[in-house]
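# A closer look at the structure
Single-letter residue listing:
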Amino acid sequence: MSTITKDLIVCGVKAENAEDAIKTIGAYLINGGYVKDTYLPAVLERETEYPTGLQLKTIGVAMPHTAGIHVNIPAVCVAKLSDPVEFRHMGDPDTKVQAQLIFMMAIKDPDAQLDTHQKVMRVFTNEEAVEELSAASDKDKLYEAAMKYMG
Amino acid sequence: MKNVKILCVCGSGTVSSAMVANKLKEKLAKHGYAVTPVEASPNSVESALAAGGFSLIACVSPVYKDYGIPKVNAVGLLTGLAEQQVIDDCLKILNAK
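Residues numbered from 1 in each chain as written. Chains lettered and ligands numbered in written order. Predicted model: local features only at pLDDT ≥ 70, side-chain atom pairs only at ≥ 80, totals over all residues. Heavy atoms only, no water.

Turning to the packing of helix H1 (residues 15-29) of chain B against helix H4 (residues 83-95) of chain B, a few remarks are in order. Residues and elements named next belong to chain B. Where H1 meets H4, the axes come as close as 11 Å, and the angle between the chain directions of the two elements is 70°. Between H1 and H4, the angle is such that the two are roughly perpendicular. Like other packed secondary-structure pairs, H1 and H4 cross with a definite hand, here right-handed. Within the contact between the two elements, H1 uses Lys-23, Leu-24, Lys-27 and Leu-28 and H4 uses Glu-83, Ile-87, Cys-90, Leu-91 and Leu-94. Grouping the constituent residues of the contact of H1 with H4 by class yields six nonpolar, no polar and three charged. (Axes fitted to C-alpha atoms, helices over the stretch in contact; angles between N-to-C directions. Helix = DSSP H or I, 4+ residues; strand = E, 2+ residues; numbered from the N terminus. Parallel < 35°, antiparallel > 145°, perpendicular 65-115°, else oblique. Left-handed = near helix turned anticlockwise from the far one by under 90°. Contact = heavy atoms within 4.5 Å. Nonpolar A, V, L, I, M, F, W, Y, C, P; charged D, E, K, R; others polar.)

The following block contains the structure:
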């Protein structure tokens, strides 16, 4: 099964801050039935305690997620914000990251979904992939790039 | 191959620590180490370590307490920016054993 589905590709999300971004992007996962109503508050709480921002070479990204009990169907929502918002850096909450690409993960069983993690991770460490994803100007281009590198 | 146990710590003890665990397994194998990774959240570090035999703790979430086992900041494995640095830090600890 592909990691990427087109209804979970979102381009040009307008968000005031990280919380706003998580809520807006999370709505796609909720509306698609991928996650339970408890998912959003759980992700927000987790992000406060264990932030998920990562500063890559050219841009900042974030991968908000939470425990599997809040998930119905495993999925990854790939979203590009129209303007970056401030996330805190993983492993070092005092460092801020201006994140523009958000990989919101609905992980049900981490061991069974290792493949998904690896695909997301491979994107982070692949400059070409990051460049194509961040250069995507509309949903179709973002979908194309996501399929190419994560599909 | 030398067997080593590494505790991988992230916020939920699942997603990022699984990424770190895989990366460490793959990279350290090239240096002659067969890594047995154990994943934990910051809240379960103590109980995970109770099993014993850990050579180091690789963290992507801050672990503030000192457990008497060397810690390595492994965030570089997720971004790829300082991957070699993380591996070098691990090797320094493992090779000193």
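What the rule picks out here adds up to one aromatic pair over all chains. Ring centres 5.3 Å apart and planes at 75° place the aromatic pair Phe103(A) and Phe124(A) in the edge-to-face group. Remark: Phe124(A) occurs in helix H3 (residues 114-124) and Phe103(A) occurs in strand S5 (residues 92-106); sequence separation between them is 21 residues. There is no split in this pair, since Phe103(A) and Phe124(A) are both buried. Lying across the ring of Phe54(B), Lys5(B) places its NZ or CZ 4.6 Å from the centre. (Phe/Tyr/Trp six-rings, centres within 6.5 Å; stacked < 30°, edge-to-face > 60°. Buried < 20%, exposed > 50% of the residue type's maximum accessible area, 1.4 Å probe, protein only. Lys NZ or Arg CZ within 6 Å of the ring centre and 35° of its normal.)

Met63(A), Phe103(A), Met150(A), Val20(B), Leu24(B) and Leu28(B) are the most contacted members of the largest nonpolar core, which totals 53 residues. Ignoring any residue separated from it by four or fewer positions in sequence, one finds Met150(A) in contact with Thr3(A), Ile4(A), Val76(A), Val78(A), Phe103(A), Lys119(A), Val120(A) and Val123(A). Counting residues in each nonpolar core, the second largest holds 27 residues, with Val43(A), Val71(A), Leu81(A) and Met104(A) among its members. (Core = buried A, V, L, I, M, F, W, Y, C linked by side-chain atoms within 4.5 Å.)

What follows concerns the sheet that holds strand S1 (residues 2-9) of chain B. Strand pairing in a sheet is mediated by backbone hydrogen bonds. Such pairs are either parallel or antiparallel. Residue and element names in this part refer to chain B. One open sheet holds the four strands; their spatial order is S2-S1-S3-S4, and the pairing between them is parallel. The open sheet terminates on both sides in strands that have one partner only, identified here as strand S2 (33-40) and strand S4 (71-73). Averaged over all pairs of adjacent strands, the angle between strand axes in this sheet comes to 30°, irrespective of strand direction. Across three bridges, the pairing between strand S3 (residues 54-59) and S4 is parallel. Within the sheet, the bridge partner assigned to Ile-57 lies in S4 and is Lys-71. Seen against the sheet, H1 touches S1, S2 and S3 and runs at an angle of roughly 170° to S2. (Pairing = 2+ DSSP bridges.)

What follows is about the side chain of Glu47(A). Residues and elements named next belong to chain A. Position of Glu-47 relative to the elements: it lies in helix H2 (residues 39-49). Despite its burial, Glu-47 pairs with no opposite charge, the nearest such side chain being Arg-46 at 5.3 Å. Among residues more than four places away in sequence, those in contact with Glu-47 are Ile-22, Thr-52, Gly-53, Pro-64, Phe-87 and Arg-88. (Lys, Arg positive; Asp, Glu negative; His and termini not counted. Salt bridge = Lys/Arg side-chain N within 4 Å of Asp/Glu carboxyl O.)

So far we have only geometry, and geometry alone does not tell us how the molecule works.
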